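The lines below spell out each chain.
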Amino acid sequence: MTPSSRILVVGGGSVGMYAALRLQRRLRRELKQGRVGITIADLDSYMTYQPFLPEAAAGNLEPRHVVVSLRRVLPRCRILGGRICDIDLAGKSARFAPMEGPERVLDYDYLIFCPGSITKTLPIPGLAEYGIGFKTVEEATHLRNHILGKLDTAASTDDPEVRARALTFVFVGGGYAGVEALAELEDMTADACRYFHGISRDSMRWVLVEASDHILPEVGPELGTWTTDELRRRGIDVRLDTRVKAIEHDVVVLDDGESIPCETLVWTAGVTANPLVRHLPTGDRGRVATSAELLVDGTDFAFAAGDCAAVPDLTRPGEYCPPNAQHAVRQSRRLADNLIATMRGRRRTPYRHKNVGSVASLGLHKGVANVYGLQVRGFPAWFMHRTYHLTRMPTFNRKARILMDWTLALFFKREVVALGALARPREEFEFASRSQEETANARR
Ligand SMILES: Cc1cc2nc3c(=O)[nH]c(=O)nc-3n(C[C@H](O)[C@H](O)[C@H](O)COP(=O)(O)OP(=O)(O)OC[C@H]3O[C@@H](n4cnc5c(N)ncnc54)[C@H](O)[C@@H]3O)c2cc1C
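Residues numbered from 1 in each chain as written. Predicted model: local features only at pLDDT ≥ 70, side-chain atom pairs only at ≥ 80, totals over all residues. Heavy atoms only, no water.

> Explain the site of the ligand to me, using residue names and the numbers behind them.
For the ligand, the set of nearby residues contains 31 residues, the closest of which are Val15, Asp42, Gln50, Asp307 and Ala325. Here an oxygen atom of the ligand and a side-chain polar atom of Asp307 are 2.7 Å apart. Gln326 is positioned with one of its backbone polar atoms (N or O) 3.3 Å from an oxygen atom of the ligand. In the complex, the protein chains occlude 92% of the 1,000 Å² of accessible area that the ligand would expose alone. (Near = heavy atom within 4 Å. Polar contact = N/O pair within 3.5 Å; in protein donor to acceptor, adjacent residues only side chain to side chain. Areas by Shrake-Rupley, 256 points an atom, 1.4 Å probe, with all protein chains shown as cover.)

Pasting the structure below:
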């Protein structure tokens, strides 16, 4: 091993955090002796366990419990908060913009490229101005506060138009992120509405717009159809073969001619590789082209995995691994082992994993799962969803806190307070200053 091997990890999400955890454990001695240095650059100082975002939005889980502090679990690594702006593969360096202060160049000997994906948007008028995604803990928390805030709005007005607009929620995209988010939030409001005067489950309108003729492709056609029927039975308006044409201030226009007055549009129509991939060779669906050993094409020092990488799926020749947590977590371990093998001049092992299936939650005690070809629905699927993801959640601390959240929820009712004002903490202070200034001016 060369003295002072510098490993740069771009992105501390599922792949970045798990790969660094494994490197930290397996290279303990080298890290202690300063022969290896691991730097992780991420926009946030925490890893988000995205499969739990719908439960965090619904208030079943405390948002802080679905994230893991990188500084806490990776004490032997250097965590840099900021954005990697570009990658120079030939020069083995990356340009880094910290949260504050001037940009700088980070040199590396080995690169782990894993900045994940971003929400895939379309050039639809009004989408960028009025839509919101569902990929981060900030978006999930905002959405919870926003939707409870809309119930407050509706309960405080007599104007039927204002009320109808506030109580209409449109989700676009029927993959697991969109379906789980909508189903969990609808379930939460069905429970919460009893505290809002004059609002019942029937007075709310939940719409799921999907461009194809089916939803939840992850669980297969049969369970996808079952889920569509189940959501419709709950009163959710599932629009298949339908697209959003435009979004005006408080109206969503569909291509079937209908205009839906609403103030909530959640865009969950898929993901695309992080734009940073433009600095690396790309392949399938614009993702970084890698070998089955997770090496970026044409290099023997740069590795990539997760949502941003087109990793050949050796269990389905000619195809590539889909972007999901199941692959991301397993690839990260293989990646770390292959990086160490490369450092030590040993043989690397190709990544091979057969997808075991998918589980999705559709609200409290409701779910759908297709695992090893076994199709499960209702309570058993929901239980499988919780159990599976709890075992995947990193760190004992987080597992314990999540278990505690679920246990407390058995004995206490859900929180229904909208804390949307958290995003505007200075409003009250500004009001106080302004009103006193006005009073002083009036006295003069
Ligand atoms: C709502 C939702 C539900 C999901 N449910 C499931 C599920 O049930 N089952 C399943 O298998 N998968 C699920 N997924 C998908 C799964 O979470 C992802 O496939 C997985 O997290 C991908 O891991 P990753 O490490 O590639 O990316 P991420 O975990 O997204 O990590 C990428 C990291 O890179 C950082 N980053 C981005 N750009 C930069 C930059 N320029 N500089 C520095 N850092 C940067 C980001 O801040 C982030 O921390 C779900 C996803 C969502 C959004």
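> Could you give me a rundown of the sheet that holds strand β6 (residues 93-98), with the residues and numbers involved?
The 7 strands lie next to each other as β7-β6-β5-β2-β1-β8-β20, forming an open sheet whose pairing is mixed. Either end of the sheet is taken by a strand with one partner, and the two such strands are β7 (104-107) and β20 (302-304). Looking at each pair of strands side by side, their axes are set apart by 35° on average, direction ignored. Strand direction decides the pairing type here: β6 and β7, joined by 4 bridges, are antiparallel. From the neighbouring strand, Ala94 faces β7, where its bridge partner is Leu106. On top of the sheet, helix α1 (residues 14-26) reaches β1 (5-10), β2 (36-42) and β8 (110-113); it is set at about 165° to β2, its chief contact. (Pairing = 2+ DSSP bridges. Helix = DSSP H or I, 4+ residues; strand = E, 2+ residues; numbered from the N terminus. Axes fitted to C-alpha atoms, helices over the stretch in contact; angles between N-to-C directions. Contact = heavy atoms within 4.5 Å.)

> Go over the sheet that holds strand β13 (residues 237-239), please, and point to the residues and values.
Ordered by their spatial adjacency, 5 strands build an open sheet running β10-β17-β11-β12-β13, and the pairing between neighbours is parallel. Edge positions in the sheet fall to β10 (131-132) and β13, since each has one partner strand and no second. Taken strand by strand, helix α8 (residues 176-192) contacts β11 (168-172) and β12 (205-209), and its axis lies near 175° from that of β12.

> So what's going on with the pairing of strand β22 (residues 357-361)? Residues and values would help.
For a regular strand, side chains alternate in direction, first toward one face of the sheet and then toward the other. Along β22, 4 of the 5 residues are buried, which leaves the element largely enclosed by surrounding structure. Between the antiparallel neighbours β22 and strand β23 (residues 367-371) lie 5 residues, among them Gly363 with a positive phi of about 120°. (Buried < 20%, exposed > 50% of the residue type's maximum accessible area, 1.4 Å probe, protein only.)

> Kindly report on the nonpolar core, identifying the contributing residues and their values.
Counting 110 residues, the largest nonpolar core has Ile7, Phe113 and Phe171 as its most contacted members. Once residues lying within four places of it in the same chain are set aside, the contact partners of Phe113 are Val10, Ile87, Leu276, Val277, Leu280, Val288, Phe303, Ala304, Ala305 and Cys308. Of all hydrophobic cores here, the second largest spans 14 residues; its members include Val172, Val209, Leu265 and Trp267. (Core = buried A, V, L, I, M, F, W, Y, C linked by side-chain atoms within 4.5 Å.)

> Residue-level account of the environment of Leu31, with values.
Counting through the fold element by element, Leu31 comes out in helix α2 (residues 28-32). Residue classification places Leu31 among the buried residues on the basis of a relative accessible area of 12%. Sequence separation between Leu31 and Leu295 is 264 residues, and the spatial gap between their C-alpha atoms is 23 Å. Among all residues touching Leu31, those that are not within four sequence positions of it are Leu23, Gln24, Val36, Gly37, Ile38 and Arg76.

> Provide a residue-level description of a nonpolar patch on the surface, including the pertinent values.
Judged by side-chain polarity, Leu408, Leu410, Phe411 and Phe412 come together as a nonpolar surface patch covering roughly 510 Å² of accessible area. Secondary-structure assignment places Leu408 in helix α12 (residues 396-411). Assessed through its relative accessible area of 46%, Leu408 is described here as partly exposed. (Patch = residues over 30% accessible without salt bridge, like charges linked within 9 Å, V, L, I, M, F, W, Y side chains within 5 Å. Salt bridge = Lys/Arg side-chain N within 4 Å of Asp/Glu carboxyl O.)

> So what's going on with the side chain of Arg165? Residues and values would help.
If you trace the backbone, Arg165 turns up in helix α7 (residues 160-166). Within the structure, the side chain of Arg165 is placed 3.1 Å from the side chain of Glu263, a separation counted as a polar contact. Every residue in contact with Arg165, bar those within four places of it in the chain, is listed here: Asp250, Pro261, Cys262 and Glu263.

> Break down the side chain of Asp307 for me, citing the residues and quoting the values.
As for its position among the elements, Asp307 is in the loop between β20 and β21 (309-310). The charged side chain of Asp307 is buried without a salt bridge, its nearest counter-charge being Lys135 at 4.5 Å. At a separation of 2.9 Å, a polar atom in the side chain of Asp307 contacts the side chain of Ser117. When neighbours within four sequence positions are excluded, Asp307 is seen to be in contact with Gly116, Ser117, Arg287, Pro323 and Asn324. (Lys, Arg positive; Asp, Glu negative; His and termini not counted.)

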